[in-house]
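If you want the building blocks of each chain, they are given just below.
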Amino acid sequence: MVPLTESAIRASFVNCTKGEAKRLAVPLDLIDRPWTDLDFFGWRDLSGAERAYLVADPGTGPVGVALRVATGSGRARRSMCSLCLTTHTGDGVALMTARKAGPTGRQGDSVGLYLCADLACSLYLRRKKDAGRHLDETITLAEKIERTTTNLTGFLGRVLG
């Protein structure tokens, strides 16, 4: 992924107002992020455990999505991320919902997806971050990345509606 600036991140959001985008908490360490290993940039809002954000470039420029994180069930279980297919135990996967862009979003419509709770899908794919047990797959890293970006593009398409 191409490194993003704070202003580019704020301008990319499609499912919140300009005022909401201006107020959201963008990480201060953008320069230190492993941009070459990222297929999208995602982060959790440290000031609000139920807020998370994701910015991707599906080929038309950055698209940012504000997410709401569902509270965990508290049960130890194994769950799978719908984007990267990484399995986690416990609270490693969370249901995240995004208000749809445009009139349908203003009417309350939203879409959801089970995602790695820390939004580090790209790092799990590349084994730069460990989730524990890995699925044995016969596809290459490039194919896993393509699958993840296809899943992400589909989710963004549902948000853009």
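Residues numbered from 1 in each chain as written. Predicted model: local features only at pLDDT ≥ 70, side-chain atom pairs only at ≥ 80, totals over all residues. Heavy atoms only, no water.

Student: Lay out the pattern of salt bridges with the relevant residues and their values.
Tutor: Counted under the stated rule, the structure contains 10 salt bridges. With a shortest N-O distance of 2.7 Å, Lys-129 and Asp-118 are connected by a salt bridge. You can see Lys-129 sitting in the loop between α4 (121-125) and α5 (141-160) and its partner Asp-118 sitting in the loop between β7 (110-116) and α4, a full 11 residues away along the chain. The network of salt bridges with common partners includes Asp-45, Glu-50, Arg-51 and Arg-68. (Salt bridge = Lys/Arg side-chain N within 4 Å of Asp/Glu carboxyl O. Helix = DSSP H or I, 4+ residues; strand = E, 2+ residues; numbered from the N terminus.)

Student: So, the side chain of Arg-126: which residues are in play, and what are the values?
Tutor: Position of Arg-126 among the secondary structure elements: in the loop between α4 and α5. Classification of Arg-126 as buried rests on a relative accessible area of 18%. A polar contact is formed between the side chain of Arg-126 and the side chain of Asp-39, at a distance of 2.9 Å. In terms of polar contacts, Arg-126 uses its side chain to reach the backbone carbonyl oxygen of Ser-122, at 3.1 Å. Setting aside anything within four residues of it in sequence, one finds Arg-126 in contact with Asp-37, Asp-39, Leu-141 and Ile-145. (Buried < 20%, exposed > 50% of the residue type's maximum accessible area, 1.4 Å probe, protein only. Polar contact = N/O pair within 3.5 Å; in protein donor to acceptor, adjacent residues only side chain to side chain. Contact = heavy atoms within 4.5 Å.)

Student: Outline the side chain of Ser-122, listing residues and values.
Tutor: With respect to the helices, strands and loops of the structure, Ser-122 is situated in helix α4. In this structure, Ser-122 is in contact with Asp-37, Leu-38, Asp-39 and Phe-40, ignoring residues within four places of it in sequence.

Student: Can you lay out the pairing of strand β2 (residues 51-56) for me, pointing to particular residues and giving the numbers?
Tutor: Most of β2 sits out of view: five of its six residues are buried. One ladder, built from four bridges, connects strand β1 (residues 41-44) with β2; its direction is antiparallel. Residue pairing across strands places Trp-43 opposite Tyr-53, the latter belonging to β2. In this structure, the hairpin formed by β1 and β2 is closed by a connection of six residues. In terms of strand pairing, β2 meets strand β3 (residues 63-69) through six bridges, oriented antiparallel. When the sheet's bridge partners are listed, Val-55 is paired in β3 with Gly-64. Between the antiparallel neighbours β2 and β3 lie six residues, among them Gly-59 with a positive phi of about 110°. (Pairing = 2+ DSSP bridges.)

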